[in-house]
Amino acid sequence: MTDKEQFRVLEQPFYQPQSNEIALYEAAYTARLPVMVKGPTGCGKSRFIEYMAWKLGKPLITVACNEDMTASDLVGRYLLEANGTRWLDGPLTTAARIGAICYLDEIVEARQDTTVVIHPLTDHRRTLPLDKKGELIPAHPDFQLVISYNPGYQSLMKDLKQSTKQRFAAFEFDYPEAQLETTILVTESGIDHATAAQLVSIGAAARRLKGHGLDEGISTRLLVYAATLIKGGVSPGDACRMALVRPITDDRDIRDTLDHAIDATFA
């Protein structure tokens, strides 16, 4: 198996466009512009990138960023072995070599001194210096860098520097409108349309509480979880409490408000 075959998305991911984001992404890829995807958790950012990698027929390498991730985790490191040392490419280096789309998910979770390593790949240079190895890698012509993050979690300690932001073309995502979100639930879980619409109405009610007791509304992902549980035989009330309410809040008043909305919807 070649590197490209190893990282290729083999099956078409399900994705419902909200606007003209597919055509815009294709234009960005044609120009090999780095792309930033912003939006709340569970609104379809990662699924969109998976879909676009499939549609373009390009390998996709995804990195889930975290605060412990170092530059070496991205670019690579020397490994000690019985016969000496061996260099192991990191995911960013692999993507640059083979011409993959490298997707850094939730980039703000990584330390700022780590994200600086992507700068040479996101301007006219399109190169990746491996300082430890003394190598300068020119990015493959098909290489593209994509990052995502949730602006709702921004803070002075967790935000991208302007020197990083202004290297990317950006897409802003939000939760789908009700009819489209209902279609997504039906397709993803196999649930009936009427029940899917009821779940979407609960999600909309919870999202109105954002900033009024909730840090984040109920995501499309959680709605799919609830629909899947209901399709599997769990009662709607129990499925909603388990998948929609308990994961997002420990506040008793907010929980009671959402539980009441669930009972009223499925009465």
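What this report covers is the structure whose coordinates are included nearby. Small disclaimer: the values here were computed from a predicted structure and weren't measured.

The helix and strand inventory of the protein stands at 12 helices and nine strands. In terms of principal-axis extent, the alpha carbons of the protein reach across some 65 × 40 × 35 Å. When each of the 267 residues of the protein is scored for burial, the buried share is 46%. Of the roughly 13,300 Å² that the protein leaves accessible, carbon and sulfur atoms contribute 51%.

On to the side chain of Thr195, then. Secondary-structure assignment places Thr195 in helix α9 (residues 193-207). Residue Thr195 is classed as buried on the basis of its relative accessible area of 12%. The contact partners of Thr195, leaving out residues within four places of it in the chain, are Ile230 and Phe266.

On the secondary structure map, Ala31 appears in the loop between α2 (21-30) and β1 (35-38). For Ala31, a relative accessible area of 48% corresponds to the partly exposed category.

With that out of the way, let us pick up the pattern of salt bridges. Going through the model one piece at a time under the given rule, you end up with 16 salt bridges. A salt bridge links Arg32 to Asp142, with the shortest nitrogen-to-oxygen separation between them at 3.1 Å. Pair noted here: Arg32 is in the loop between α2 and β1 and Asp142 is in the loop between β7 (135-138) and β8 (144-149), with a separation of 110 residues, a long-range link. Judged by relative accessible area, Arg32 falls into the partly exposed class, the value being 22%. Residue Arg86 is joined to Glu81 by a salt bridge in which the shortest nitrogen-to-oxygen separation is 2.7 Å. Residue classification places Glu81 among the partly exposed residues on the basis of a relative accessible area of 39%. Each member of the salt-bridge network shares a partner with another, and the members are Asp89, Arg97, Lys133 and Glu135.

Nonpolar side chains tend toward joint burial in soluble globular proteins. Among the nonpolar cores identified, the biggest contains 31 residues, and Leu74, Leu92, Leu104, Ile107, Leu128, Phe143 and Leu145 are the most heavily contacted of them. Of all elements in the fold, only β2 (60-64), α4 (71-75), α5 (91-98), β5 (101-105), β6 (127-130) and β8 reach the threshold of two or more residues within this core. With four residues, α5 is the single largest residue contributor to this core. Beyond its immediate stretch of four places on either side in the chain, Leu104 contacts Val63, Cys65, Leu74, Ile118, Leu145, Val146, Ile147 and Ser148. Counting residues in hydrophobic clusters, the runner-up holds 24 residues, among them Ile191, Ala206, Ala226 and Leu258.

The next subject is the pairing of β8. In terms of burial, β8 is a largely internal element, six of the six residues being buried. What you see with β8 is no split at all: Gln144, Val146 and Ser148 on one side and Leu145, Ile147 and Tyr149 on the other are buried throughout. As paired strands, β1 and β8 are joined by four bridges and run parallel to one another. Within the sheet, the bridge partner assigned to Val35 lies in β8 and is Val146. Note that β5 and β8 share four bridges and pair parallel. In the sheet register, Leu104 faces β8, and the bridge partner there is Ile147.

How each quantity is defined
- Here the residue numbers are simple positions, counted from 1 along each chain's written sequence.
- Given that this is a predicted model, residues contribute local features only at a pLDDT of at least 70 and side-chain atom pairs are listed and counted only at 80 or more, while totals for whole chains, interfaces and linings are drawn from all residues.
- Side-chain numbers come from the whole structure's heavy atoms, not from hydrogens or water.
- The helix and strand labels rest on DSSP assignments: H or I over at least four residues marks a helix, E over at least two residues marks a strand, and numbering proceeds from the N terminus.
- Any residue under 20% of the maximum accessible area for its type is buried, any over 50% is exposed, and the rest in between are partly exposed; the area is computed with a 1.4 Å probe on protein chains only.
- Under the convention used here, a 1.4 Å probe and the Shrake-Rupley method define accessible areas, while residue burial counts only the protein chains that appear.
- Contacts were defined at the residue level, with two residues in contact if any of their heavy atoms lie within 4.5 Å.
- Salt bridges are identified by distance alone: a Lys or Arg side-chain nitrogen within 4 Å of an Asp or Glu carboxyl oxygen.
- Nine residue types can take part in a nonpolar core, namely buried Ala, Val, Leu, Ile, Met, Phe, Trp, Tyr and Cys, and a core is a set of them joined through side-chain atoms within 4.5 Å.
- When DSSP finds at least two bridges between two strands, those strands are taken to pair.

Everything listed here is a matter of coordinates, which is why it stays silent on function.
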